[in-house]
Amino acid sequence: EYFVAPDGTAANPGTLGKPWDLASVLKGSQKVAPGSVVWLRGGRYVYPVRNNKSSGNGFPVSLGGAPGKPVHLRARSGERAIIDGGMDVRADHLWIWDLEFQIGDDWRPKSPAPEGANTVFSVPTGVLNITGGTGIKIIDCISHHNTMGIGFWKSAVSGEVHGCIIYDNGFLGADRPHGPAIYTQNESGTPRLIADTIIGGNFSLPLQLYGSQIDRMVNDFTVEGTILYAPRSEARGRTYAQLGGGASRNIIFRNNF
């Protein structure tokens, strides 16, 4: 097991008394064996790129494990670890536990923002963004006050969102409300699971399993044991889920409320 803290450094050995910094661990600069646990001490981990229209999706993540031996990235028991800025995950066999994702800045526009306003804010998106890899699991995490909750895209081969709470994400745009709780696609042929999660009260949809008419990769999803509640009133009547966009297959809803 290894330890990370907001005041840790890349030169430390990653022990409880001399923890690493988060950025060097996430990008794979530290030697973390498959099957290891990386504990995040309590505090706020701030992605440093601010006041930049291309701040992006936060900390780049390539840390990972091996089949049957995932690396576990999780908050230390009883400690509140906040990721301020988000993560851009492109990794294999990584399980992310017990973390809170929240932009600390007062970034939300006071009036409707221009269309595509993700590109004009001076903060990173705050999103837990899964853009590639296999065997990614998001477990018991919280996401709020970001431009979106979780993005889990077709380029990721397999994965699971389990036991999370996702609320109060997004913003009001001049064109429409932006910021679903979970925006996801799947073309891997491997089922993707969303389970035992509470999602709602965002500016946009709780679930957006969607690809455009050209990009129809929305297959093999199971959503079970999940509580969906309505978007905010600013969502202009948006509903609980948007599924498909073209022909889709193997989408299962079971025991949801």
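About the cut-offs
- Residues numbered from 1 in each chain as written.
- Predicted model: local features only at pLDDT ≥ 70, side-chain atom pairs only at ≥ 80, totals over all residues.
- Heavy atoms only, no water.
- Helix = DSSP H or I, 4+ residues; strand = E, 2+ residues; numbered from the N terminus.
- Rg over C-alpha atoms; globule rule 2.2 N^0.38 Å.
- Buried < 20%, exposed > 50% of the residue type's maximum accessible area, 1.4 Å probe, protein only.
- Contact = heavy atoms within 4.5 Å.
- Lys, Arg positive; Asp, Glu negative; His and termini not counted.
- Charge placed at Lys NZ, Arg CZ, Asp CG, Glu CD.
- Pairing = 2+ DSSP bridges.
- Axes fitted to C-alpha atoms, helices over the stretch in contact; angles between N-to-C directions.
- Salt bridge = Lys/Arg side-chain N within 4 Å of Asp/Glu carboxyl O.
- Patch = residues over 30% accessible without salt bridge, like charges linked within 9 Å, V, L, I, M, F, W, Y side chains within 5 Å.
- Areas by Shrake-Rupley, 256 points an atom, 1.4 Å probe, with all protein chains shown as cover.

Caption draft 1: Looking closely at the overall build of the protein chain. A tally of regular secondary structure across the protein chain gives one helix and 25 strands. Rg of the C-alpha trace for the protein chain: 18 Å, near the compact-globule value of 18 Å for 257 residues, within the 12% margin. A principal-axis box enclosing the C-alpha atoms of the protein chain has dimensions of 50 × 40 × 35 Å. Counting the 257 residues in the protein chain, one finds 51% classified as buried. Counting contacts in the protein chain only where the partners sit at least 6 residues apart, residues at least 24 apart contribute 72% of the total. Across the protein chain, the 24 positively charged side chains and the 22 negatively charged ones have centroids separated by 3 Å.

Caption draft 2: Summary view of the sheet that holds strand 24 (residues 241-244). Reading across from one edge, 4-7-10-13-18-21-24 is the order of the seven strands in this open sheet, with parallel pairing throughout. Each edge of the open sheet is held by one strand with a lone partner, namely strand 4 (59-61) and strand 24. The average undirected angle you get between the axes of adjacent strands in this sheet is 15°. Here strand 7 (residues 87-90) pairs with strand 10 (residues 128-132) via four bridges, running parallel. In the sheet register, V89 faces strand 10, and the bridge partner there is I130.

Caption draft 3: Fine view of the pattern of salt bridges. The tally for this structure, following the rule as stated, stands at 11 salt bridges. The shortest N-O distance in the salt bridge between E100 and R80 comes to 2.7 Å. Note that E100 is positioned in strand 9 (residues 100-101) and R80 in the loop between strand 5 (71-75) and strand 6 (81-84), a separation of 20 residues in sequence. For K137, the salt bridge is made with E160, and the minimal N-O distance between the two is 3.6 Å. Of this pair, K137 sits in strand 11 (residues 136-139) while E160 is found in strand 14 (residues 159-162), placing the two residues 23 residues apart along the sequence. Residues joined by salt bridges that share partners form a network here, namely R41, R76 and E79.

Caption draft 4: Quick peek at a nonpolar patch on the surface. A cluster of nonpolar side chains, namely I165, Y167, I198, I227, Y229, Y240 and F257, defines an oily patch on the protein surface of about 670 Å² accessible area. For I165, the location among the structural elements is in strand 15 (residues 165-166).

Caption draft 5: Quick look at the environment of L16. Here L16 is to be found in the loop between strand 1 (2-4) and helix 1 (22-26). As a C-alpha pair, L16 and Y2 span 14 residues in sequence and 7.3 Å in three-dimensional space. Contacts of L16, omitting those with residues within four sequence positions, involve F3, R41 and R76.

Read these as spatial facts, not as claims about activity.
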